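# Remarks on the overall topology
The lines below spell out each chain.
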Amino acid sequence: MPQRPPYSLLELASVREGDSVGTTLANSVAYARHAEQHGFQRFWLAEHHNMEGISSSATSVLIGHIAGQTERIRVGSGGVMLPNHPPLVIAEQFGTLESLYPGRIDLGLGRAPGTDPVTARALRRDGLGAEQFPEDVARLQELLGPLRPGQPVKAIPGAGTEVPIWLLGSSLYSAQLAAMRGLPYAFAGHFAPRLYREALKVYRDHFQPSAQLDAPYAMLAVPAIAADTPEEAEFLATTSHQRILSLFRGQPLWMKPPVESMAGLWNAGEQASVQDFLALQLLGDTAALNRQLDALLADIEVDELMFTVDIYDPAKRRHALDLLAQTQA
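What you see is a predicted model; the values in this text were computed from it and never measured.

The rules behind each value
Residues numbered from 1 in each chain as written. Predicted model: local features only at pLDDT ≥ 70, side-chain atom pairs only at ≥ 80, totals over all residues. Heavy atoms only, no water. 1 Å grid on protein atoms, 1.4 Å probe; cavity = no way out; pocket = protein on both sides within 12 Å on 5 of 7 lines; lining within 4 Å. Points joined across faces, edges and corners; volume = space filled by probe spheres on them. Helix = DSSP H or I, 4+ residues; strand = E, 2+ residues; numbered from the N terminus. Buried < 20%, exposed > 50% of the residue type's maximum accessible area, 1.4 Å probe, protein only. Axes fitted to C-alpha atoms, helices over the stretch in contact; angles between N-to-C directions. Parallel < 35°, antiparallel > 145°, perpendicular 65-115°, else oblique. Left-handed = near helix turned anticlockwise from the far one by under 90°. Contact = heavy atoms within 4.5 Å. Nonpolar A, V, L, I, M, F, W, Y, C, P; charged D, E, K, R; others polar.

## Let's talk about empty space enclosed by the protein
Counting across every chain of the model gives 1 cavity of 30 Å³ or more. If you add up the space inside the largest cavity, you get close to 160 Å³. Forming the walls of the largest cavity are 15 residues, and the residues nearest its centre are Ser14, Thr24, Asn27, Pro314 and Arg317. Counting residues per element, the ones that place at least two in the lining of the largest cavity are helix 1 (21–37) and helix 12 (314–326).

Here is the structure:
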């Protein structure tokens, strides 16, 4: 079997129906520790707001908590939605995190609000939005870089920490910007699979070396459901089916127990939409996962894979990492 790229995890701190946020975050810690035991490279948390069932809105706080409960795994944002925040605040937060956990913090940036338009307006600085993203990225790079003589605004902590900045995206825009700035790039194939080939190619074809990165480094995020048998994997996958269906219907996103059949829970159009959303999903036992990984990696050039694992039972979710780790051996 050819050597696989490093594996990482994306976490939304998803709340199971009936669970508390405290229980959810304790499960996230156990999940991160389990990933670390298996040598996963990163554990990233995604910023979302006003979404019942997702508890990762205070992303930098959770990064600190997870980093403090682990020892080696890199912890970061996948991502911080930069239009919601002044760059100085993010530089100070991540400079503090880097000072506490040296060499273990990543700053992944997105240009979407990570929420609905009404909440975006409640979060956003007046008059600014995604159109300000390139300037905000440049400002963050300056604030996290070495102090310059006469610099009027300083991130303290933050200046000189040079926390690695990643650009995240689900279209060609961030691929082009990451290439132009010489930054690592992560494509959100876990919810927007349509343009992953094109975005990864644009990034590699147009990459310009920078002080942070000599050569392109691309990561692809994909959904994964791993179980001991293909049949169990199909059963466990109905949790994510129900959740995505709730997303499309504008309903709360609590994680629901798996069901024997989705028949009667969705119509044909909704089923097609959910399956399209999950077009890059890896699903099955280790033999099936190996076949699917071989096919995916033969199709693209990627330096790292990041998995989202939506499994209702925390023990089965951790066991999925055991099985994913076997596909790297």
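## A look at unusual backbone geometry
Here the bond from Gly78 into Gly79 is cis, since omega is 0 degrees, no more than 30 degrees from zero. Backbone torsion omega between Ile156 and Pro157 reads -5 degrees, so that peptide bond is classified as cis. Here Ala13, not a glycine, exhibits a phi torsion of approximately 50 degrees, which is positive. Checked against the element boundaries, Ala13 lands in the loop between strand 1 (7–11) and helix 1. Although it is not a glycine, Asn50 sits at a positive phi angle of roughly 55 degrees. With relative accessibility at 60%, the residue Asn50 sits in the exposed group.

## A closer look at the packing of helix 3 (residues 87–100) against helix 5 (residues 133–144)
Relative orientation of the contacting elements helix 3 and helix 5 amounts to 40 degrees, with a least axis distance of 9 Å. Looking at the two axes, helix 3 sits oblique to helix 5. In the packing of helix 3 onto helix 5, the handedness of the crossing is right-handed. Between helix 3, through Pro87, Leu88, Ile90, Ala91 and Gly95, and helix 5, the contact on the second element is made entirely by Asp136, Arg139, Leu140, Leu143 and Leu144. A per-class count over the contact of helix 3 with helix 5 returns 7 nonpolar, 1 polar and 2 charged.

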